[in-house]
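One letter stands for each residue in the lines below.
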Amino acid sequence: MGQESQTTHLRILGDMDDKTKYPTVPGAIGVFDSGYGGLTILEQIRNTLPEYDYIYLGDNARTPYGTRSFDVVYRYTLECVTHLFSLGCHLVILACNTASAKALRSIQQRDLPRIAPNRRVLGVIRPTVEAVGKLTHTRHIGLLATTGTVQSESYPLEIQKLHEGIAITSEACPMWVPLIENNEHRSEGADYFVRKNLQHLLAADPLIDTIMLGCTHYPLLLEKIKQYIPQGVTVVPQGHIVAQSLADYLRRHPEMDVRCTRGGSCRYLTTESTEKFSSCASIFLQQEVQAEHIDL
Ligand code: DGL
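The present account deals with the structure reproduced in this document. What you are looking at is a predicted structure, and each value in this text was computed from that prediction instead of being measured. (Residues numbered from 1 in each chain as written. Predicted model: local features only at pLDDT ≥ 70, side-chain atom pairs only at ≥ 80, totals over all residues. Heavy atoms only, no water.)

1. A word on the sheet that holds strand S3 (residues 91-94)
Inference 1: The parallel open sheet is built from 6 strands, whose spatial order is S4-S3-S1-S2-S9-S10. Only two strands of the sheet have a single partner each, and these edge strands are strand S4 (120-122) and strand S10 (291-293). Each neighbouring strand pair of the sheet contributes to a mean axis angle of 25°, computed without reference to strand direction.
Inference 2: Pairing analysis gives 3 bridges linking strand S1 (residues 29-33) to S3, with the strands arranged parallel. Residue Val-31 lies in a different strand from S3, and its bridge partner there is Ile-93.
Inference 3: Against the sheet, helix H2 (residues 38-48) touches S1, strand S2 (54-58) and strand S9 (266-270), its axis set at about 170° to S2.
Inference 4: Lying over the sheet, helix H12 (residues 239-252) contacts S1, S3 and S4, oriented at roughly 160° with respect to S3. (Pairing = 2+ DSSP bridges. Helix = DSSP H or I, 4+ residues; strand = E, 2+ residues; numbered from the N terminus. Axes fitted to C-alpha atoms, helices over the stretch in contact; angles between N-to-C directions. Contact = heavy atoms within 4.5 Å.)

Next up, the structure:
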């Protein structure tokens, strides 16, 4: 793109966004999670769409969100989303089921029209539900998630909207996130809790043939989960599904695609200490990352 046409292009973007106080030039795609779990989503997104720039924000100082009230999750999530907007993101993915369940709708319907009408925030629940409806043969699905996500009933509501008649049984697994964040997910203690929650889920509905992992941390327990489910039951992590859905979204929305820069970079931001983030992130990414601290 020549200098002149680029200037024109940026001015058009600026005009479209002039109600907001956020930078109007194209920017990175924001990926938000309460902590580390969203890294499992980010990894799959970057595998699928490596050419874009990303900013990952983990609200590690205030994690976990899974046990917090609607109001608190909404307030924290909005703060993180607006911070990503202020860093130039036009598109933010809530790579956290709890935030998607408790904050997404309010942010989309109440906040965006007022504070940033041309920016978009997308969640992980809808794409997961869309995909999972095609996988079940018995039409009985299980959901493993945080207490907050289960109590929100967001998954059953989406299932009813998109796949009427599919039965969904949910199991809250409050011990799984702390096990993973304390690097205990390969321990015998983890076996105890994984077995207990799966037995409970499958006893509640023995016809379940598809289990959704409705928490971005849970792919780290995938091998253990597979040990405790009967043959013929499929476990569905979300990362790949969300990545495909984002690729599809960008294809269908060229006006947003041009607002996302392509340099292949990724910044990692944390509300906690950078040393803690860098060492814990390696549990999720199998590589060292340099994080930057932010105050919200
Ligand atoms: N990563 C969050 C999710 O997907 C769970 C972690 C938390 O409780 O903050 O729900």
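2. Quick look at the nonpolar core
Inference 1: Within the largest apolar cluster, 55 residues are counted, with the highest numbers of intra-cluster contacts made by Leu-39, Tyr-54, Leu-144, Ile-211, Leu-250, Tyr-268 and Phe-277.
Inference 2: Leaving out residues up to four positions away in the same chain, Tyr-268 has contacts with Leu-39, Leu-42, Arg-46, Tyr-56, Phe-277, Leu-285, Val-289, Gln-290, Ala-291 and Glu-292.
Inference 3: Membership of the second largest hydrophobic core comes to 29 residues, among which are Ile-55, Phe-85, Cys-96 and Leu-269. (Core = buried A, V, L, I, M, F, W, Y, C linked by side-chain atoms within 4.5 Å. Buried < 20%, exposed > 50% of the residue type's maximum accessible area, 1.4 Å probe, protein only.)

3. Describing the layout of surface pockets
Inference 1: Roughly 800 Å³ of internal volume is contained in the largest pocket.
Inference 2: Residue lining of the largest pocket: 32 residues in total, with Leu-104, Ile-125, Arg-126, Pro-127 and Glu-158 positioned closest to the centre.
Inference 3: Of all the secondary-structure elements, those providing two or more residues to the lining of the largest pocket are helix H4 (97-102), helix H5 (104-115), helix H6 (125-132), helix H8 (154-162) and H12.
Inference 4: Top contributing element to the lining of the largest pocket by residue count: H12, with 7 residues.
Inference 5: Here the lining of the largest pocket is composed, by residue class, of 15 nonpolar, 8 polar and 9 charged.
Inference 6: What the second largest pocket holds in volume is close to 330 Å³.
Inference 7: Forming the boundary of the second largest pocket are 18 residues, of which Thr-40, Pro-219, Leu-220, Leu-221 and Leu-222 lie nearest the centre.
Inference 8: Contributions of two or more residues to the lining of the second largest pocket are made by H2, helix H11 (222-227), H12 and helix H14 (274-285).
Inference 9: Ranked by residues supplied to the lining of the second largest pocket, first place goes to H2 with 4 residues.
Inference 10: Within the lining of the second largest pocket, the residues separate by chemical class into 8 nonpolar, 6 polar and 4 charged. (1 Å grid on protein atoms, 1.4 Å probe; cavity = no way out; pocket = protein on both sides within 12 Å on 5 of 7 lines; lining within 4 Å. Points joined across faces, edges and corners; volume = space filled by probe spheres on them. Nonpolar A, V, L, I, M, F, W, Y, C, P; charged D, E, K, R; others polar.)

4. Some words on the sheet that holds strand S8 (residues 234-236)
The pairing of strands in a sheet happens through backbone hydrogen bonds and is either parallel or antiparallel.
Inference 1: Read across the sheet, 4 strands follow the order S6-S5-S7-S8 without closing on themselves; strand pairing throughout is parallel. Since the sheet does not close on itself, it has two edges, and those belong to strand S6 (167-172) and S8, each with one partner. On average, each strand axis in the sheet is inclined to that of its neighbour by 25°, with strand direction left out of account.
Inference 2: Pairing of strand S5 (residues 140-145) with strand S7 (residues 210-213), which is carried by 4 bridges, proceeds in the parallel orientation. Bridge pairing in S7 places Gly-142 opposite Ile-211.
Inference 3: Along the sheet, H8 contacts S5, S6 and S7; its crossing angle with S6, the most-contacted strand, is approximately 165°.

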